[in-house]
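Residue strings, one per chain:
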Amino acid sequence: MTHQTVNGSNHNSHDPVPLQSHPHYYPPPSSSSSKASFRGCCCCLFLLFSFLLLLILAVILVIVLALKPKKPQFDLQQVGVQYVGITPNSVIAAAASSASVSLNIHMVFTAVNDNKVGIKYDESRFTVMYRGIPLGRGIVPGFYQPAHSVRRVETTIAVDRVNLLQADAADLIRDAALNDRVELRILGDVGAKIRILGLTSPGVQVSVDCAIVISPRKQALTYKQCGFDGLSV
């Protein structure tokens, strides 16, 4: 038997009520897992680079201990005075107001390599000074020196009429005329690199400091003493 509703429609009380469909909820992917994976990759790369760096340092240390490289020896062997000229420009009250200096100095250096590997020398510059005043400069071109070898390198410093002021000119003329001795200093830095298995080591420098005394009358060298300040990276 059916029941009629108020609005006249038929309704069966025993029909099941349809269930409402609910959408499924999926949580967003967690970012913590991706961050952990990224950190793990970075840690692995860091450990790999650290291992390679330690391996390279160990190989270099073994090579250095096996070869025992020595510092380069670069010495001023000979100094030849080719010309010395000192000209007072004017004389006031028996004192020179200025003077000009001209000279040619030929220098021979000896490079000794006692190492089992070669040495590559950079271009070197040497300055001739009188009482702290630079007069001229000489250049030694760069070169490669094989292991267990000795090489001679030469350069000439030419000074063409360099003017000195009153006090220095008076000292120079007195040293040359009365004492027949002019003391000069030769300063320079020699850069060198050691070649090991085709690789070049970091550059080192040897500072050269030589004191020489020349005789203007004899046009010759009368004294020479050289010192080396050692190595600097």
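These numbers were taken from a predicted model, which means no experiment stands behind them.

Trainee: I'm lost on the side chain of Ser-207 in this one. Help?
Mentor: Structurally, Ser-207 can be placed in strand β10 (residues 204-215). There is a polar contact of 2.9 Å between the side chain of Ser-207 and the side chain of Asp-189.

Trainee: What is the right way to look at the nonpolar core in this model?
Mentor: A general feature of soluble globular proteins is that nonpolar side chains tend to end up buried together. With 39 residues, the main nonpolar core has Phe-74, Met-107, Phe-126 and Leu-184 as its most contacted residues. With near-sequence residues (within four places) excluded, Met-107 lies in contact with Leu-76, Gln-78, Val-79, Phe-126, Val-153, Glu-154, Thr-155, Ile-157 and Ile-186.

Trainee: Where do I start with the pattern of salt bridges in this structure?
Mentor: Two side chains that carry opposite charge are able to pair once their charged atoms sit near each other. Throughout the structure, instances matching the rule amount to 5 salt bridges. Between Asp-175 and Arg-131 there is a salt bridge, and its shortest N-O distance comes to 3.3 Å. Taken together, the residues Asp-175 in helix α2 (residues 166-179) and Arg-131 in the loop between β4 (124-130) and β5 (133-140) connect sequence positions 44 residues apart. Among the salt bridges present, the one from Arg-185 reaches Asp-209, with a minimum N-O distance of 2.5 Å. Separated by 24 residues along the polypeptide, Arg-185 in strand β8 (residues 182-196) and Asp-209 in strand β10 bring together distant segments of the chain. For Asp-209, a relative accessible area of 23% translates into the label partly exposed. Among the charged side chains, a network of salt bridges with common partners joins Arg-131, Asp-171, Arg-174 and Asp-175.

Rules and cut-offs
- Starting afresh in each chain, residues are numbered from 1 along the sequence in its written order.
- Residues qualify for local features only when their pLDDT is at least 70, as the model is predicted, and side-chain atom pairs are given and counted only at 80 or more; totals for whole chains, interfaces and linings, by contrast, use all residues.
- Neither water nor hydrogens contribute to the side-chain values; these are computed over all heavy atoms in the structure.
- For the purposes of this entry, the term helix denotes a DSSP run of H or I that reaches at least four residues, the term strand denotes a run of E that reaches at least two, and both are numbered from the N terminus.
- Between N or O atoms, a polar contact is any pair within 3.5 Å; within protein, one atom must be a potential hydrogen donor and the other a potential acceptor, and residues adjacent in sequence are included only when both atoms are from side chains.
- Among the buried residues, those of types Ala, Val, Leu, Ile, Met, Phe, Trp, Tyr and Cys that are joined through side-chain atoms within 4.5 Å form a nonpolar core.
- Only protein chains enter the calculation, and the probe is 1.4 Å; a residue is then buried if its accessible area is under 20% of its type maximum, exposed if over 50%, and partly exposed in between.
- Any two residues whose heavy atoms approach within 4.5 Å at even a single point are treated as in contact.
- Criterion for a salt bridge: a side-chain nitrogen of Lys or Arg within 4 Å of a carboxyl oxygen of Asp or Glu.

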